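Close look at the chain arrangement
This is what each chain is made of:
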Amino acid sequence: TYVSRALAYCDYDLDGDLDVLVGITDSINGVSNSFLYRNDSPIQNWLEVQATGSATNMNGIGAKVMVYVDGRTLLREIGGESSFNSQHWLVAHFGLGSYTEIDSMDVVWPGGFLERFHSVPINQFIEVIEDQGLLITGIENEHPESIQVHPNPFHEALHVVGEGIDQVQLFDAKGILI
């Protein structure tokens, strides 16, 4: 047994489950090690969302990320909470279990600006950049390039930037190639 002064969670290996770091500062027993507990549980469906602010703050602290799936709303707020001597991961992690798709995702930025996204891929680490759309890297490990769509959702015009954009295919809400 040790006296612990820090505990933080994150997905350090980006495999879709949360891992735990415990910082030990046991002055009684003279131990000052830290322990990383890697979570190797069987993986189910998940989504990890990093909110990067532009008008508010770069870390997205205060942003609310809502994922809508099968009539349910899953909410995570990016916060500066932690335990003593530690800081939790500033990424919204959603365990989706057996759900294979999400209906939509909203991000409400600290200033009140709302962005809504449709057709967000699951089992991915994605970044939402305030008022610039989604940055998705390595969709299902089949496409190593990054593609950014702005604005998302779009109404009159769509601007796509990134590597491999000559191979981009656009689909409507029903999955029909446009």
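Report on the accompanying structure.

So, about the pattern of salt bridges. Close approach of charged atoms allows side chains of opposite charge to pair. Evaluation of the coordinates by the stated rule reveals three salt bridges. Taking the shortest distance from any N to any O, the salt bridge between arginine 38 and aspartate 13 comes out at 3.1 Å. With arginine 38 in the loop between β3 (34–37) and β4 (45–52) and aspartate 13 in the loop between β1 (4–10) and β2 (19–24), this pair connects stretches of sequence that are 25 residues apart. A relative accessible area of 49% means that arginine 38 is categorised as partly exposed. A salt bridge links aspartate 40 to arginine 38; its shortest N-O distance comes to 3.0 Å. Here aspartate 40 falls in the exposed class, since its relative accessible area comes to 55%. When salt bridges with common partners are traced through the structure, they connect Asp13, Arg38 and Asp40 into a single cluster.

By secondary structure assignment, the location of glutamate 115 is in strand β9 (residues 114–118). Arginine 116 is the oppositely charged side chain nearest to the buried, salt-bridge-free glutamate 115, at an N-O distance of 11 Å. A polar contact of 2.7 Å, which involves the side chain of glutamate 115, links it to the side chain of tryptophan 109. A distance of 3.1 Å separates a polar side-chain atom of glutamate 115 from the backbone nitrogen of aspartate 131.

Time to look at the packing of aromatic side chains. The relative placement of two aromatic rings is captured by the distance of their centres and the angle of their planes. Overall, the coordinates contain two aromatic pairs when judged by the stated rule. For the pair phenylalanine 35 and tyrosine 37, a centre-to-centre distance of 6.4 Å together with 35 degrees between the ring planes defines the contact as tilted. On the basis of relative accessibility, which here comes to 27%, the residue phenylalanine 35 falls in the partly exposed class. A residue is classified by how much of its surface remains accessible, and tyrosine 37, at 48% relative accessible area, is partly exposed.

Spatially, β6-β5-β8-β9 is the arrangement adopted by the four strands of the open sheet, whose pairing is antiparallel. Looking at strand neighbours, the two that pair on one side only are β6 (72–77) and β9, the edges of this open sheet. Averaged over all pairs of adjacent strands, the angle between their axes in this sheet comes to 15 degrees, without regard to strand direction.

Moving on, we come to the sheet that holds β1. Ordered in space as β1-β2-β3, the three strands form an open sheet in which the pairing is antiparallel. Bordering the open sheet on either side are β1 and β3, each of which pairs with just one other strand. When the angles between neighbouring strand axes are averaged without regard to direction, this sheet yields 15 degrees. With four bridges connecting them, β2 and β3 associate as antiparallel partners. The residue bridging glycine 23 from the neighbouring strand is serine 34, located in β3.

What counts and how
Residues numbered from 1 in each chain as written. Predicted model: local features only at pLDDT ≥ 70, side-chain atom pairs only at ≥ 80, totals over all residues. Heavy atoms only, no water. Salt bridge = Lys/Arg side-chain N within 4 Å of Asp/Glu carboxyl O. Helix = DSSP H or I, 4+ residues; strand = E, 2+ residues; numbered from the N terminus. Buried < 20%, exposed > 50% of the residue type's maximum accessible area, 1.4 Å probe, protein only. Lys, Arg positive; Asp, Glu negative; His and termini not counted. Polar contact = N/O pair within 3.5 Å; in protein donor to acceptor, adjacent residues only side chain to side chain. Phe/Tyr/Trp six-rings, centres within 6.5 Å; stacked < 30°, edge-to-face > 60°. Pairing = 2+ DSSP bridges. Axes fitted to C-alpha atoms, helices over the stretch in contact; angles between N-to-C directions.

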